[in-house]
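Examining the three-dimensional arrangement
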Amino acid sequence: MASVQGQGRKGAGWKSTDGDQASPILRQRGKVLQRAGTLRKLPLGLSEEAKADSVARLNQVLVDTIVLRDMYKKHHWQTSGATFYQLHLLFDKHYEEQAELVDALAERIQLLGGVSLGMPHDVAELSKIERPPRDVEEPAVQLSRLLEAHEYILRQSREAARRASELGDEGTNDLLVSEVVRVNEMQVWFVSEHLVDVPLVTADQETAATSVASADVEPKRGEAPTSV
Ligand SMILES: [Fe+2]
């Protein structure tokens, strides 16, 4: 078998055999293909105003959803106390669902011709959700923070959905209503129930005694007992 190495290094058609050609070309930079905040034209049958408005609003919902998604993971790791196991699992489930929303939002922005935001420093700059501390907080505080973030996203999403519909962008309206709003509403329910102050093990004896006493009206002589 003819060896390539046998050919002179300067010979015509000489190919390096030391692996250079198969090595990745690193440290590359080039021109930007599309600036953030701009729209490229795609034949979607939507007005430029509709696409620009939807992209701007979706990017805001996107960065806030990324923050909420990551807050769920932080709390998944850091939660504590008697409800640790339940909250640990619930927070991770909600994290996964929020991660799906992040992907759907980002891809909707791209298909509208916009540029989706994605890097943590951009997200931190643009999100309106209050920044939690690096420290570990109590479960009740974790739950409160999550509910506040959900409520903010729900308000923004409903407003964005209404505006998208007004401008004829029903695809964006559908994504926001059918996915973002529905998932957030469901998660609000599951999180909220953990902040209802009911006894964990023993019934509230005082309230029970009061209600039994008021229902148990002593019948007068000759009267039929009051039905409860
Ligand atoms: Fe985990």
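Under an unreviewed UniProt entry, the name given to the protein is Iron-binding ferritin-like antioxidant protein, and the source organism is Hyalangium minutum. Recorded in UniProt under Sequence similarities (unreviewed entry), the annotation for the protein is "Belongs to the Dps family."

**Notes on the overall build of the protein**
When helices and strands are counted, the protein shows six helices and zero strands. Tracing the protein from N to C terminus, the helices and strands come up as α-α-α-α-α-α. Here the protein holds 228 residues, and the buried ones make up 22% of them. In the protein, once contacts between residues fewer than 6 apart in sequence are set aside, the share between residues at least 24 apart is 73%.

**Side note on the nonpolar core**
In terms of nonpolar packing, the biggest core is built from 29 residues, with Leu58, Val61, Leu62, Leu105 and Ile109 touching the most fellow members. At the level of elements, helix H1 (48–78), helix H2 (84–111), helix H4 (139–166) and helix H5 (170–192) are the ones that each hand at least two residues to this core. Counting residues per element, this core draws most heavily on H1, at ten residues. In this view, Ile109 contacts Val55, Leu58, Asn59, Leu62, Gly114 and Ser116; residues no more than four positions away in its chain are not counted.

**Points about H4**
The end-to-end C-alpha distance of H4 is 41 Å, a good match for the 40 Å that 28 residues give at a rise of 1.5 Å each. Along H4, the residues classified as buried are Gln142, Leu143, Leu146, Ala149, His150, Ile153, Ser157, Ala160, Ala161 and Ala164. Where H4 is buried, its residues contact H1 and H5. Among the residues trailing H4, Gly168 stands out with phi positive, at a value near 85 degrees.

**What about the packing of H4 against H5?**
One can describe the packing of H4 onto H5 by two numbers: an axis separation of 9 Å at closest approach and a directional angle of 160 degrees. Considering the angle they form, H4 stands roughly antiparallel to H5. Considering how the two elements wind past one another, H4 and H5 form a crossing that is left-handed. The residue inventory of the contact of H4 with H5, partitioned by class, reads 14 nonpolar, eight polar and three charged.

Conventions and cut-offs
- Residues numbered from 1 in each chain as written.
- Predicted model: local features only at pLDDT ≥ 70, side-chain atom pairs only at ≥ 80, totals over all residues.
- UniProt positions renumbered as here; feature names shortened; annotations may be inferred.
- Helix = DSSP H or I, 4+ residues; strand = E, 2+ residues; numbered from the N terminus.
- Buried ≥ 20, exposed ≤ 12 C-beta atoms within 10 Å, placed from the backbone.
- Contact = placed C-beta atoms within 7 Å.
- Core = buried A, V, L, I, M, F, W, Y, C linked by C-beta atoms within 7 Å.
- Expected span 1.5 Å × (residues − 1).
- Axes fitted to C-alpha atoms, helices over the stretch in contact; angles between N-to-C directions.
- Parallel < 35°, antiparallel > 145°, perpendicular 65-115°, else oblique.
- Left-handed = near helix turned anticlockwise from the far one by under 90°.
- Nonpolar A, V, L, I, M, F, W, Y, C, P; charged D, E, K, R; others polar.

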